2 protein chains.
Amino acid sequence: MMTERRVPFVLFGVGGVGSELLKVILASRRLHSSLYGLRFTAVGVADSSGALMSKPSDAGELSDATLEAVIQHKAAGKKLSQFEVASAIEAKTPEGGTPSDFIMSIARECGRHSSCMLIDCSATEATIPALVLADELPSLKVVSANKKPFAADLATFKTLTSVSMRHRVRHESTVVAGVPVIAALSRVVASADPVSSISGSFSGTLGYVMSGLQEGGAFSEVVSKAKELGYTEPDPRDDLGGVDVARKALILARMLGMQLEMSDVQVEPLYPPVFASLSVPEFMERLPELDDDFRQRVSAASAEGKALRYAAKVTVLPDGGGSLVVGLQAVGADTPLGTLKGSDNLVEISTAVYSATPLVLRGAGAGAGGTAAGVLADMVELAFTHDQ
Amino acid sequence: MMTERRVPFVLFGVGGVGSELLKVILASRRLHSSLYGLRFTAVGVADSSGALMSKPSDAGELSDATLEAVIQHKAAGKKLSQFEVASAIEAKTPEGGTPSDFIMSIARECGRHSSCMLIDCSATEATIPALVLADELPSLKVVSANKKPFAADLATFKTLTSVSMRHRVRHESTVVAGVPVIAALSRVVASADPVSSISGSFSGTLGYVMSGLQEGGAFSEVVSKAKELGYTEPDPRDDLGGVDVARKALILARMLGMQLEMSDVQVEPLYPPVFASLSVPEFMERLPELDDDFRQRVSAASAEGKALRYAAKVTVLPDGGGSLVVGLQAVGADTPLGTLKGSDNLVEISTAVYSATPLVLRGAGAGAGGTAAGVLADMVELAFTHDQ
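Starting from 1, residues in each chain are numbered consecutively following that chain's sequence as written. Whichever chain is written first becomes A and whichever ligand is written first becomes 1, with later ones labelled in order. Only residues with pLDDT of 70 or above have their local features reported here, since the model is predicted, and side-chain atom pairs are shown and tallied only from 80 upward, although totals for entire chains, interfaces and linings are computed over all residues.

### Regarding the overall build of chain A
In step 1: Each helix and strand in chain A was counted, giving 16 helices and 13 strands.
In step 2: Restricting the calculation to C-alpha atoms gives the radius of gyration, and the globule rule supplies 2.2 Å times the number of residues raised to the power 0.38. Over its C-alpha atoms chain A spans a radius of gyration of 22 Å, differing by no more than 12% from the 21 Å that the globule rule assigns to 388 residues.
In step 3: In terms of principal-axis extent, the alpha carbons of chain A reach across some 70 × 50 × 40 Å.
In step 4: Across the 388 residues in chain A, those meeting the buried criterion constitute 50%.
In step 5: Whether two residues are in contact depends on their C-beta atoms, placed from the backbone: they are in contact if these lie within 7 Å. Long-range contacts, defined here as pairs at least 24 residues apart, represent 74% of the contacts in chain A between residues at least 6 apart. Numbered from the N terminus, helices here are DSSP runs of H or I no shorter than four residues, and strands are runs of E no shorter than two. Partly exposed residues are those falling between the two cut-offs: more than 12 but fewer than 20 other C-beta atoms within 10 Å of their own, whereas 20 or more means buried and 12 or fewer means exposed, with C-beta atoms placed from the backbone.

Right, dumping it as structure tokens:
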């Protein structure tokens, strides 16, 4: 039996996905030791209010008991700055600097440990400078469930996936949670198999809505039902607008080397521009005005043996250029995307090898469990990559 | 720009998948340099007749021109022992020893280079001692498209996936070619997400046959058509017997920690025992005797809203035990497996995270292109793992 190797990390965004991740890390100590000979050790955990950092006197690691207490503290809806700190732990608060400065100071502390992982389970662009710091500090690795750094400006994406960073960065859970779409696409790229297109349904909410329309429901009814069930954001336009779908598709397109900014993506929202300025109750009240139009579009697709989907489509041209379009698309009713039902996400990747039929991945694309699982699998992979 | 890092390998099984792999490696030199800063260099290539090994005077690497010539030589149906050898290349033949001794001598030569990869594109158990050698020599890594070493005795599987070997071994193309089923399942295991079952259609040939039955074709007609089109082995019983499907499912079950030997797998062949001893023409002639039975089974499944599939099913019990059954199964007609058509392979993985709906991967599960792509993606991954 090999000695257990310690793999240090700091976590941005404890609570939600971050707490779920800590729970699974604690529950899988024995598994990670026996299968991989490793132990993930928390150098620090942070939310936007503050951070708990281990001190050398605490073996440079927050104890499992502390992590359990942090999980409970956050589950009770409290801020990390309100956590009662034991003597071996150093508390930090962001007072004075910007959120980015605060996160950067934690990243630098991580960088003092060999092969320390920055785990980003937040949903803010404020982590970008810290993640980019890994470009300068080869002792750092990056695992992100936060899609914003990868969907921000192209220059940041290029830094995070440069030849010197690529093997130290993983971001599976930025797209379709733990469903290994990023891993699959990375393998396609590595195998030099040229991609001609990627089509996908990247929103469980919109998948649910389109399934409902397909089954004959009125748009207004299906959206109201989705809202009642908590499938949509409090303002359903945050889902229906398609921007979140566009972010995910942008990340995949960039992985193919496409030089795209978010402003290059054509996004079709599922409501007319005049609905954008309404209050949420007004918006919900006026939804029935859209029912006829959706009914006609579904019928027109059916008449052609097709199913209407809210899909992202990345098209790659032989010259390396291409386009990224997000919106309503009629797809063959017996294709993988056409047979999709309910809230599952699905991706079709067409390549030279997968030309007759695409490579398809399908599964739940949201939820703290799946997202944390994707992060943890990334952490195990990075635990075995070179430091530099 | 970083310096290009040389990643040495030896290839067992040049010709077929092995030749396809060499072609892609040669064609992707620029891509691998720009994205990953690496260059795969062939220390040697072998088939069952002999090997070409680089000499130190050849920079320890077979030149691209030599590899091109080897690809053409094999494409012409010739043995490697007939290859005209240039002075910088050392030719080896297996005369005297066993095939395993011969392969082992090549592996040892590979082991003299730091982080040298043994690439197994053969279809023989004779490579097993060489692959297992990597357990003793941490300078070796292993990538296998050959499923036999992983489906042989459990002890060999355990050695190849031990805590000291796991990060130096990849075998994506042993199951469903390049469709990243092994990568996906490895991630599920790493994320400590307990698997409850795996169901899959792992044979394009049997998928084609079952689709044909579903569409109303007679068993004898569908099998004859598949044979004519070259979809089956020359003796269709090699496909219809289910042993190849069982091997793939066994590898997945073992990845979950199930302690199974091949003899523990219940395999249902698609023909009765008395058909086993017939000649191929006799077998084909008597196929219509089975038509009625298949027609009835398809009808019975349809009557229950189900589709008949030739599937492998791994069931995991809460105590860690479980079973592996391969044969005809009636599955819900609107499940991913039920909607599958044609020769695509498909895997459904049900876990705690993927409980409402399974994680699904689908795509072409055979062909030299896909198989070589899976091997090359494995090679790129291993190029960035620790040496030891």
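Moving on from the coordinates now.
### Re the interface of chain B and chain A
When the parts of a complex come together, some accessible area is lost, and that lost area is often used as the size of the interface.
In step 1: At the junction of the two partners, chain B supplies 44 residues and chain A supplies 46 residues.
In step 2: Across three bridges, the pairing between strand β13 (residues 359–363) of chain A and strand β13 (residues 359–363) of chain B is antiparallel. Paired with Leu-361 of chain A across the bridge in β13 of chain B is Leu-361 of chain B. Any two strands with at least two DSSP bridges between them are considered paired.

### What about the relation of the copies chain B and chain A?
In step 1: Copies overlap after least-squares fitting; the atoms used are the C-alpha atoms of residues with pLDDT of at least 70 in both. When chain B is fitted to chain A, the residual RMSD is 0.0 Å, and the transformation amounts to a turn of 180 degrees plus an axial shift of 0.0 Å. A rotation of that kind, with that shift, is consistent with a two-fold axis.
In step 2: The fraction of interface residues of chain B whose copies in chain A are also interface residues reaches 100%, indicating that both copies meet through the same surface.

### Re the packing of helix α1 (residues 17–27) of chain B against helix α16 (residues 368–382) of chain B
All names here are of chain B.
In step 1: Close contact between α1 and α16 brings their axes to 8 Å; oriented N to C, the two are set at 60 degrees. Put simply, α1 runs oblique to α16. At the point where α1 passes α16, the crossing takes the right-handed sense. Contacts from Val-17, Glu-20, Leu-21, Val-24 and Ile-25 of α1 reach α16 at Ala-368, Gly-369, Thr-371, Ala-372, Val-375 and Leu-376. Axes, fitted as lines to C-alpha atoms, cover a helix only where it is in contact. Angles between the N-to-C directions of the axes lie from 0 to 180 degrees. Roughly parallel means an angle under 35 degrees; roughly antiparallel, over 145; roughly perpendicular, 65 to 115; everything else is oblique. For a crossing to be left-handed, the near helix must be turned anticlockwise from the far one by less than a right angle; the clockwise case is right-handed.

### A closer look at the domain arrangement of chain A
Residues and elements named next belong to chain A.
In step 1: The domain boundaries here were taken from an automatic or database domain assignment. As far as domains go, chain A holds domain 1 (5–178 + 369–382) and domain 2 (190–363).
In step 2: The straight-line distance from the C-alpha centre of domain 1 to that of domain 2 is 31 Å.
In step 3: Looking at the side of domain 1 that touches domain 2, the elements with two or more residues in it are α6 (148–151) and α7 (154–160).
In step 4: Note that Gly is not counted as nonpolar here; it falls among the polar residues with everything else outside the nonpolar set of Ala, Val, Leu, Ile, Met, Phe, Trp, Tyr, Cys and Pro and the charged set of Asp, Glu, Lys and Arg. The residue makeup of the side of domain 1 that touches domain 2, split by class, is six nonpolar, one polar and two charged.

### Considering the nonpolar core
In step 1: Connectivity within a nonpolar core runs through C-beta atoms within 7 Å, and the core itself is a set of buried Ala, Val, Leu, Ile, Met, Phe, Trp, Tyr and Cys residues. Core analysis: the largest hydrophobic core is formed by 247 residues, its most contacted members being Phe-9, Leu-118, Ala-249 and Leu-376 of chain A together with Leu-118, Ala-249 and Leu-376 of chain B.
In step 2: Sequence-distant contacts of Leu-376 of chain B, that is, excluding residues within four places in its chain, are made with Ala-190, Ser-191 and Ala-192 of chain A together with Leu-21, Val-24 and Ile-25 of chain B.

### Digging into the pairing of strand β5 (residues 116–120) of chain A
Residues and elements named next belong to chain A.
In step 1: Most of β5 is tucked away: five of the five residues are buried.
In step 2: Alternating positions in β5 separate into two faces, Cys-116, Leu-118 and Asp-120 on one and Met-117 and Ile-119 on the other, with burial throughout.
In step 3: For strand β1 (residues 5–12) and β5, the ladder comprises four bridges, and the chain directions are parallel. Each bridged residue has a counterpart across the sheet, and for Phe-12 the counterpart in β5 is Asp-120.
In step 4: For the handedness criterion, the β-α-β arrangement of β5, helix α5 (residues 128–133) and strand β6 (residues 140–144) is classed as right-handed. Here a crossover is taken to be right-handed if, once the strands point away from the viewer, the path from the first strand over the helix to the second is traced clockwise.

### Side note on the sheet that holds β13 of chain A
In step 1: The strand order across the open sheet formed by 12 strands is β9(A)-β11(A)-β10(A)-β8(A)-β12(A)-β13(A)-β13(B)-β12(B)-β8(B)-β10(B)-β11(B)-β9(B), and the pairing between neighbours is mixed. The open sheet has two edge strands, β9 (266–267) of chain A together with β9 (266–267) of chain B, and neither has a second partner.
In step 2: In terms of strand pairing, strand β10 (residues 306–316) of chain A meets strand β11 (residues 322–332) of chain A through 11 bridges, oriented antiparallel. Across the sheet, residue Val-314 of chain A finds its bridge partner in β11 of chain A, namely Leu-324 of chain A.
In step 3: Helix α9 (residues 204–214) of chain A contacts β8 (195–201), β10 and β12 (345–351) of chain A of the sheet and is inclined by roughly 140 degrees relative to β10 of chain A.
In step 4: With respect to the sheet, helix α9 (residues 204–214) of chain B is in contact with β8 (195–201), β10 (306–316) and β12 (345–351) of chain B, its orientation differing from that of β10 of chain B by roughly 140 degrees.

### Structural notes on unusual backbone geometry
All names here are of chain A.
In step 1: A positive phi angle is found at Val-176, which is not glycine, with a value near 55 degrees.
In step 2: Phi is positive for Ala-192, close to 60 degrees, though the residue is something other than glycine.
In step 3: Of note, Ala-192 is situated in the loop between α8 (181–190) and β8.

### Here's the deal with the environment of Glu-4 of chain B
In step 1: Among the secondary structure elements, Glu-4 of chain B is positioned in the segment before β1 (5–12).
In step 2: If we ignore the near neighbours within four places in the chain, the residues touching Glu-4 of chain B are Ser-33, Gly-37, Leu-38 and Arg-39 of chain B.

### Considerations on the packing of helix α1 (residues 17–27) of chain A against helix α3 (residues 64–75) of chain A
All names here are of chain A.
In step 1: Running from N to C, α1 and α3 point in directions that differ by 150 degrees, and their axes come no closer than 10 Å. On the basis of their axis angle, the class for α1 and α3 is roughly antiparallel. The handedness of the crossing between α1 and α3 is left-handed. For the pair α1 and α3, the contacting residues are Ser-19, Leu-22, Lys-23 and Leu-26 in the first and Asp-64, Leu-67, Glu-68, Ile-71, Lys-74 and Ala-75 in the second.
In step 2: Across the contact of α1 with α3, the residue classes break down as five nonpolar, one polar and four charged.

### A word on the pairing of strand β2 (residues 38–47) of chain B
The side chains of a regular strand alternate between both faces of the sheet.
Residues and elements named next belong to chain B.
In step 1: Of all 10 residues in β2, eight are buried; the element is thus mostly enclosed.
In step 2: By the bridge criterion, eight bridges tie β1 to β2 in an arrangement that is parallel. Looking across to β2, one finds that Phe-12 is bridged to Ala-46.
In step 3: Between β2 and strand β3 (residues 50–54), which pair antiparallel one after the other, the connecting turn spans two residues.

### Quick look at α3 of chain A
Residues and elements named next belong to chain A.
In step 1: The length a helix should cover is 1.5 Å for every residue beyond the first. Taking 1.5 Å of rise per residue, the 12 residues of α3 would be expected to cover 16 Å, and the 16 Å separating its terminal C-alpha atoms lies within 8% of that figure.
In step 2: When we look at burial in α3, the residues that qualify are Thr-66, Leu-67, Val-70, Ile-71 and Lys-74. Projection of α3 onto a plane perpendicular to its axis shows the buried side chains occupying an angular sector of 140 degrees, all on one side. Relative to its buried face, α3 has exposed residues pointing more than 90 degrees away, namely Ala-65, Gln-72 and Ala-75. By definition, the arc is the one covered by directions from the helix axis to the C-beta atoms.

### With respect to the confidence of the model for chain A
For any part of a model where pLDDT is low, the fine detail of the predicted coordinates should not be relied upon.
In step 1: Across chain A, the average pLDDT comes to 94, with 98% of residues at or above 70.
In step 2: Under the prediction, the complex receives an ipTM of 0.96, its pTM being 0.96. Each residue carries a pLDDT score, the predictor's confidence in it, ranging from 0 to 100.

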